[in-house]
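These are the residues of each chain, in order.
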Amino acid sequence: MLRVGLTGGIGSGKSTVADIFSVLGIPVFNADLVTRQLMEDDEILRTSIKKEFGEEAYINNTLNRKYLASIVFNDAFQLEKLNAITHPAVIDAAQKWMQQQTTAYVIKEAALMFESASAAGVDLIIGVYAPKHIRIKRVMDRDGVTRQDVLARIDKQIDEEIKMKLCDFVLVNDEQQLLIPQVLELHEKLITINKS
């Protein structure tokens, strides 16, 4: 079974691509979703986060996202500390999940595929590319945030051009090229690669 990473910058359309693969019957591991679940449910992570960021990081054992975001998204060192706590647990969860799957290939969706060292746990990586101005507009519309907020998030990720060069395949989601045919073609390639 092939282990395939799926990545791209914020607003690139990773989730849309992941949904298309799901419709095709391919299991998808959503690293962001699992990170949130582990931060809520994993006692070891909760304890580590409280130790580093204070008891205020949780309210009645529920992650205080606003409080934590106010700390880590304004301080690269604090973000690095949080990532050092969460990334190993998510990488481990992904490996265990992949071992349970039986399809020709699986998808691991992770925005920080290269930044978190998750790339080491997959065989191939798909990048989803969209021009910066489209990504900014999508995130502003989706999250109701300012352009400055989106740019601040983008600055926390590897440059999009570099990220795409590190990928084995690139899907273009620029609102000019149709996305579904690109995914269908890649789906057939991945099945063929798995058979060889």
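Above this note sits the structure.
This is a predicted model, so every value here is computed, not measured. (Residues numbered from 1 in each chain as written. Predicted model: local features only at pLDDT ≥ 70, side-chain atom pairs only at ≥ 80, totals over all residues. Heavy atoms only, no water.)

**As for the pairing of strand 6 (residues 124–129)**
Here is step 1 of the chain: The element strand 6 is extensively covered by neighbouring structure, given that five of its six residues are classed as buried.
Here is step 2 of the chain: Both strand 6 and strand 7 (residues 169–172) contribute to a ladder of four bridges, which runs parallel. Across the sheet, residue Y129 finds its bridge partner in strand 7, namely V172. (Buried < 20%, exposed > 50% of the residue type's maximum accessible area, 1.4 Å probe, protein only. Helix = DSSP H or I, 4+ residues; strand = E, 2+ residues; numbered from the N terminus. Pairing = 2+ DSSP bridges.)

**Let's talk about helix 7 (residues 147–154)**
Here is step 1 of the chain: Every buried residue belonging to helix 7 is among V150, L151 and I154, and all of these are buried. With its buried residues spanning 100 degrees around the axis, helix 7 presents them on a single face.
Here is step 2 of the chain: Contacts made by the buried residues of helix 7 are with helix 6 (132–143). (Arc of directions from axis to C-beta. Contact = heavy atoms within 4.5 Å.)

**Looking at the nonpolar core**
Here is step 1 of the chain: In terms of nonpolar packing, the biggest core is built from 28 residues, with F29, M39, I49, F53, L68 and L82 touching the most fellow members.
Here is step 2 of the chain: Of all the elements in the fold, those that place two or more residues in this core are helix 2 (31–41), helix 3 (43–53), helix 4 (65–72) and helix 5 (76–99).
Here is step 3 of the chain: Sequence-distant contacts of L68, defined by excluding residues within four places in its chain, comprise M39, I49, F53, L63 and L82.
Here is step 4 of the chain: Ranked by size, the runner-up nonpolar core spans 19 residues in total, among them I20, I107, I126 and F169. (Core = buried A, V, L, I, M, F, W, Y, C linked by side-chain atoms within 4.5 Å.)

**A short note on the side chain of Q182**
Here is step 1 of the chain: On the secondary structure map, Q182 appears in helix 9 (residues 179–195).
Here is step 2 of the chain: Assessed through its relative accessible area of 17%, Q182 is described here as buried.
Here is step 3 of the chain: When near neighbours in sequence (up to four residues on either side) are disregarded, Q182 contacts V170, L171, V172 and Q177.

**Considering the packing of aromatic side chains**
Here is step 1 of the chain: Counted by the stated rule, this structure contains two aromatic pairs.
Here is step 2 of the chain: The interplanar angle of 50 degrees and the centroid separation of 5.5 Å between the aromatic rings of F29 and W97 together place this pair among those described as tilted. Of this pair, F29 sits in strand 2 (residues 28–30) while W97 sits in helix 5, placing them 68 residues apart in sequence.
Here is step 3 of the chain: W97 sits in the buried class, given a relative accessible area of 18%.
Here is step 4 of the chain: For K81, the ring lying beneath its charged end belongs to F53, and the centroid distance is 5.7 Å. (Phe/Tyr/Trp six-rings, centres within 6.5 Å; stacked < 30°, edge-to-face > 60°. Lys NZ or Arg CZ within 6 Å of the ring centre and 35° of its normal.)

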